[in-house]
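Each chain, written out:
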Amino acid sequence: MISPDTLGFFPLFAEQSPEMRMKIASLAEEKKVETGYQLFFEGEVAKTLFLVRAGAVVLTMKMGDNTEELEPLGKGEVVGWSAIVKPHIYKMGAYTNQKSDLLAFNGEKLCALFDENPSFGYYFMQKLSEVIGDRLISKCVQIMSLVE
């Protein structure tokens, strides 16, 4: 099990009590992976949510016959949120473009913790919504710069 203090670095968990962080930490699996490690593929059943402790993860998306890469996500970022959001299908693929240290969470177990602790589930989903919104805005800005 990772140290509950490790979770305090991540905005998704920063404001949680030590007791709640202990419960969350018990669900985390540390994964140290090499460059090119495939976390998941677009379209597969989403089972795992990842947090990046060190290194970088690149999201990929199929565009016709090509697979496009989005900018890398680094330290502190969340990847694979489809594991906790229905229909639990990854909307993009993801791989590491350098050696990376990740925390992996089983989506079903994390959702069960939300059910047992609704205030934590609500907090988590609010923070995750901020991440999703920020990424959407970033992509809109990127698209608009291509149009100009």
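Calculation criteria
Residues numbered from 1 in each chain as written. Predicted model: local features only at pLDDT ≥ 70, side-chain atom pairs only at ≥ 80, totals over all residues. Heavy atoms only, no water. Pairing = 2+ DSSP bridges. Helix = DSSP H or I, 4+ residues; strand = E, 2+ residues; numbered from the N terminus. Contact = heavy atoms within 4.5 Å. Axes fitted to C-alpha atoms, helices over the stretch in contact; angles between N-to-C directions. Salt bridge = Lys/Arg side-chain N within 4 Å of Asp/Glu carboxyl O. Buried < 20%, exposed > 50% of the residue type's maximum accessible area, 1.4 Å probe, protein only. Arc of directions from axis to C-beta. Phe/Tyr/Trp six-rings, centres within 6.5 Å; stacked < 30°, edge-to-face > 60°. Lys NZ or Arg CZ within 6 Å of the ring centre and 35° of its normal.

Novice: Hey, could you run me through the sheet that holds strand E1 (residues 28-33) in this one?
Specialist: The pairing of strands in a sheet happens through backbone hydrogen bonds and is either parallel or antiparallel. Pairing within the open sheet is antiparallel, and its four strands lie in the order E1-E8-E3-E6. If you trace the sheet from one side to the other, it starts and ends with E1 and strand E6 (78-79), each paired once. As judged from the six bridges shared by E1 and strand E8 (residues 100-106), these two strands associate in the antiparallel manner. Bridging across to E8, Glu29 finds its partner in Ala104. The strands touched by helix H3 (residues 107-116) within the sheet are strand E3 (48-54) and E8, with E8 carrying the most contacts at an inclination of about 60 degrees.

Novice: Hey, could you run me through the pattern of salt bridges in this one?
Specialist: Where charged atoms from two side chains of opposite charge come close, those side chains can pair. Under the defined criterion, the tally for this structure stands at six salt bridges. Residues Glu30 and Lys32 are paired through a salt bridge, measuring 3.6 Å at the closest nitrogen-oxygen approach. When its relative accessible area of 64% is taken as the criterion, Lys32 is described as exposed. Salt bridges sharing common partners tie together Glu30, Lys32, Arg53 and Asp101.

Novice: Is there a simple way to think about helix H2 (residues 18-25) in this case?
Specialist: Since the α-helix packs 3.6 residues into each turn, any two residues three or four apart lie on the same face. Among all positions in H2, only Met20, Arg21, Ile24 and Ala25 are buried. The buried residues of H2 occupy one face: seen down the axis, they fall within an arc of 140 degrees.

Novice: Help me understand the packing of aromatic side chains in this model?
Specialist: In this description, an aromatic ring pair is defined by two values, namely the gap between the centres and the angle between the planes. Applying the stated criterion across every chain, the model contains nine aromatic pairs. Relative to Phe50, the ring of Phe40 has its centre 6.3 Å away and its plane inclined at 25 degrees; by these criteria the two rings are stacked. Pair noted here: Phe40 is in strand E2 (residues 38-40) and Phe50 is in strand E3, with a separation of 10 residues, a long-range link. Each member of the pair Phe40 and Phe50 is classed as buried. Following the ring pairs from residue to residue traces out a cluster consisting of Phe13, Phe105, Phe114, Phe120 and Phe124. For Lys75, the ring lying beneath its charged end belongs to Phe9, and the centroid distance is 5.1 Å.

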